[in-house]
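Now for the letters of each chain:
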Amino acid sequence: MDNYFDSYRDMISLRGLSSHTLKSYSTYIRAYLEYLDRLQISPDSASWDDMRSFIKQLKSDRDLADRTVNCAISQLRFFTIYVLHKPWDDTQLPMRRFDQYLPYVPSRAEVSALIDSMPDLKTRAMTALMYSSGLRIGEVCRLRYEDVSRTNMRIHITHSKNRRDRYAILSQNALDILTRYWREYGKPTGYLFPQQRGADKPIDTFFLSRHIHDTERRLGWEPRITCHSLRHAFGTHLYEDGVDLLTIKALLGHKSLNSTMIYVHLAKSTLSKAVSPFDRMGGGSLD
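All figures in this text were calculated on a predicted structure; none of them were measured in a lab. Residue numbers restart at each chain and count upward from 1, following the sequence in its written direction. Local features in this predicted model are restricted to residues of pLDDT 70 or higher, and side-chain atom pairs are both shown and tallied only at a pLDDT of 80 or more, whereas totals for entire chains, interfaces and linings draw on every residue. Water and hydrogen atoms were dropped before computing side-chain values, which therefore reflect all heavy atoms in the structure.

For the sheet that holds strand β3 (residues 166-169), give the residues involved together with the corresponding values.
Here, strands pair whenever DSSP counts at least two bridges between them. By the criteria applied, helices consist of DSSP H or I runs no shorter than four residues and strands consist of E runs no shorter than two, each listed in order from the N terminus. Strands sit in the order β1-β2-β3 across an open sheet of 3 strands; the sheet is antiparallel. Every other strand in the sheet has two partners, leaving β1 (148-149) and β3 as the edge strands with one partner each. In this sheet, strand β2 (residues 154-157) lies alongside β1 in antiparallel orientation, the contact comprising 2 bridges. In the strand pairing of β2, valine 148 is matched with isoleucine 155.

Below is the structure:
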């Protein structure tokens, strides 16, 4: 089974997928191969029934959400096509339908309080950059000194999720915090937020999440702000300020405008401007 797993990882690498994708894409394939090994079934001879049984057991044993089950199915699809070199049939193992929920978006006051309450300049600078420029957590962690242009007040984002470079806006307030951090933390000229044990590697993405939740607890808040919440807050607050969706799409680096459309639903101004047709009639009579 190790040979199959090694081939799977090799194919992911050959496709140029990131190390983060390599790690996340390996989670359920390893479990699948162990499942087949217990049944003494070779992956080449595994049937659709075997795959369906694995997915059912996986969902039952781990109580997985439907989105997570779909991730497991996607990994099986990749394994079947690129390792076993067999065709994939969506009708044999269809993706699960799932409920869609609007993400939590902190208010401007909450974002300001969160950043101001962070005692450490490193976490404050990272959080300020994430919100003020709409960056993903991975983009913040991989920022390098040369990516920040004080002359043009913009940030060059390389190796983004969609493999497309873009420019994000640079806030003066965020730049002030970043400059203070830079001076007090040894003036790094490589990665702006390097690991403590090696300046040649970017800081881990989970570092900031932990500090955000610690700050929420100190403030007496329910822990519900995530790194991506701050990115959503950036897009939502821009839309509330009247910035058009195409500009927001470009700033966030969305591949499709459909991803940007969520801010129409999240923005408070969208609902507040709508007037019920019942009110336009004058309402009903109380008599």
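Would you mind going over helix α10 (residues 206-219) in detail, with residue names and values included?
When the terminal C-alpha atoms of α10 are compared, their 20 Å separation across 14 residues agrees well with the 20 Å that a helix rising 1.5 Å per residue should span. Three or more residues of α10 are buried, namely Phe207, Leu208, Ile212, Thr215 and Glu216. Considered in projection along α10, the buried side chains sweep an arc of 165 degrees and stay on one side of the axis. Facing away from the buried side of α10, by more than 90 degrees, are the exposed residues Phe206 and Arg217. Glycine 220 lies just past α10 and shows a positive phi near 80 degrees. Take the residue count of a helix, subtract one, and multiply by 1.5 Å to get its expected span. Each residue's exposure class comes from its accessible area (1.4 Å probe, protein chains only) as a fraction of the maximum for that residue type: buried when under 20%, exposed when over 50%, partly exposed otherwise. This arc corresponds to the set of directions leading from the helix axis out to the C-beta atoms.

Please give an account of the packing of aromatic side chains that cites residues and values.
Side-chain rings of Phe, Tyr and Trp, where Trp is taken by its six-membered ring, are said to pair if the distance between their centres is within 6.5 Å; with planes under 30 degrees apart they count as stacked, over 60 as edge-to-face, and otherwise as tilted. What the rule picks out here adds up to 12 aromatic pairs. Between tyrosine 4 and phenylalanine 79 the ring centres are 6.4 Å apart and the planes differ by 50 degrees, which places this aromatic pair in the tilted class. Of this pair, tyrosine 4 sits in helix α1 (residues 2-14) while phenylalanine 79 is found in helix α5 (residues 66-82), placing the two residues 75 residues apart along the sequence. A relative accessible area of 1% places phenylalanine 79 in the buried class. Between tyrosine 145 and tryptophan 182 the ring centres are 5.6 Å apart and the planes differ by 25 degrees, which places this aromatic pair in the stacked class. Note that tyrosine 145 is positioned in the loop between α8 (137-141) and β1 and tryptophan 182 in helix α9 (residues 172-184), a separation of 37 residues in sequence. Among the residues examined, tyrosine 145 registers a relative accessible area of 33% and is labelled partly exposed. Connected via pairs of aromatic rings, a cluster forms that spans Tyr4, Phe5, Tyr8, Tyr32, Tyr35, Phe54, Phe78, Phe79 and Tyr82.

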